[in-house]
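# Residue-level structural notes
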Amino acid sequence: MEKTPLRSSAHSVLMARCYSREVLDLIADKWTALIFALLEKQPTRFNELQRAIEGISHKMLTQTLRNLERRGIVERTITPTIPPAVEYSLSPLGTTLIPLMAALRQWAEEHMETVEQALQAYEEKEEKADY
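Here goes a summary of the coordinates provided. (Residues numbered from 1 in each chain as written. Predicted model: local features only at pLDDT ≥ 70, side-chain atom pairs only at ≥ 80, totals over all residues. Heavy atoms only, no water.)

We now examine the overall build of the protein. Scanning the protein from N- to C-terminus turns up six helices and three strands. Of the regular secondary structure in the protein, the N- to C-terminal order runs α-α-β-α-α-β-β-α-α. On C-alpha atoms alone, the protein measures out to a radius of gyration of 19 Å, which is more than a quarter above the 14 Å that the 2.2 N^0.38 rule sets for 131 residues. In terms of overall dimensions, the protein has a C-alpha envelope of 65 × 40 × 25 Å along the principal axes. Looking at the protein as a whole, 27% of its 131 residues are labelled buried. A separation of at least 24 residues holds for 41% of the contacts in the protein among residues at least 6 apart in sequence. Within the structure as shown, the protein displays about 9700 Å² of accessible surface, and the carbon and sulfur contribution to it stands at 56%. With 16 positive and 19 negative side-chain charges, the protein shows a spacing of 10 Å between the two charge centroids. (Helix = DSSP H or I, 4+ residues; strand = E, 2+ residues; numbered from the N terminus. Rg over C-alpha atoms; globule rule 2.2 N^0.38 Å. Buried < 20%, exposed > 50% of the residue type's maximum accessible area, 1.4 Å probe, protein only. Contact = heavy atoms within 4.5 Å. Areas by Shrake-Rupley, 256 points an atom, 1.4 Å probe, with all protein chains shown as cover. Lys, Arg positive; Asp, Glu negative; His and termini not counted. Charge placed at Lys NZ, Arg CZ, Asp CG, Glu CD.)

This is how it looks when you write it as structure tokens:
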């Protein structure tokens, strides 16, 4: 996939080939939001992240952390012990996302019942329309 080169001109996630769309996809990912819930509190080791985030596979956690690290949102620190200790933390860029990610998680928790009710109402409407 060819990407639009990074320039000083305006970027738009509405443009198919704009790199900002990839950035939006990364930060809007559910695993990213859950990783942030832990890293915004303190640096955390991989196994601690995996234990705390129910349902995330080893592969998905690794992939998400690598993507966040490659884009400068998360930092990986290796302490030269035996065995080496690896901790993940938010970078200065990543910390700028804390209020946004916290607001998204809060909205999801506060509105989950309303969203569920809307889903049930929609499904009931669809069932009646099928008859």
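This part takes up the packing of helix α2 (residues 30-39) against helix α4 (residues 58-70). Orientation of α2 relative to α4, taken along the N-to-C sense of each, is 80°, at an axis distance of 10 Å. In terms of orientation, α2 lies roughly perpendicular with respect to α4. For the pair α2 and α4, contact is made by Trp31, Thr32 and Ile35 and by Met60, Leu61, Thr64, Leu65 and Leu68, respectively. Grouping the amino acids of the contact of α2 with α4 by side-chain chemistry returns six nonpolar, two polar and no charged. (Axes fitted to C-alpha atoms, helices over the stretch in contact; angles between N-to-C directions. Parallel < 35°, antiparallel > 145°, perpendicular 65-115°, else oblique. Nonpolar A, V, L, I, M, F, W, Y, C, P; charged D, E, K, R; others polar.)

Each regular strand shows side chains that alternate between the opposite faces of the sheet. Examined bridge by bridge, strand β2 (residues 74-79) and strand β3 (residues 85-90) share six bridges and lie antiparallel to one another. Each residue of the ladder has a partner; that of arginine 76, found in β3, is tyrosine 88. What sits between the antiparallel neighbours β2 and β3 is a turn of five residues. (Pairing = 2+ DSSP bridges.)

A few words now on a negative patch on the surface. A contiguous patch of negative charge, built from Glu116, Glu123, Glu124, Glu126, Glu127 and Asp130, is present on the exposed surface. With respect to the secondary-structure elements, glutamate 127 resides in helix α6 (residues 98-130). (Patch = residues over 30% accessible without salt bridge, like charges linked within 9 Å, V, L, I, M, F, W, Y side chains within 5 Å. Salt bridge = Lys/Arg side-chain N within 4 Å of Asp/Glu carboxyl O.)

A surface patch of nonpolar side chains, amounting to about 290 Å² of accessible area, comprises Val13, Leu14 and Leu24. When its relative accessible area of 35% is taken as the criterion, valine 13 is described as partly exposed.

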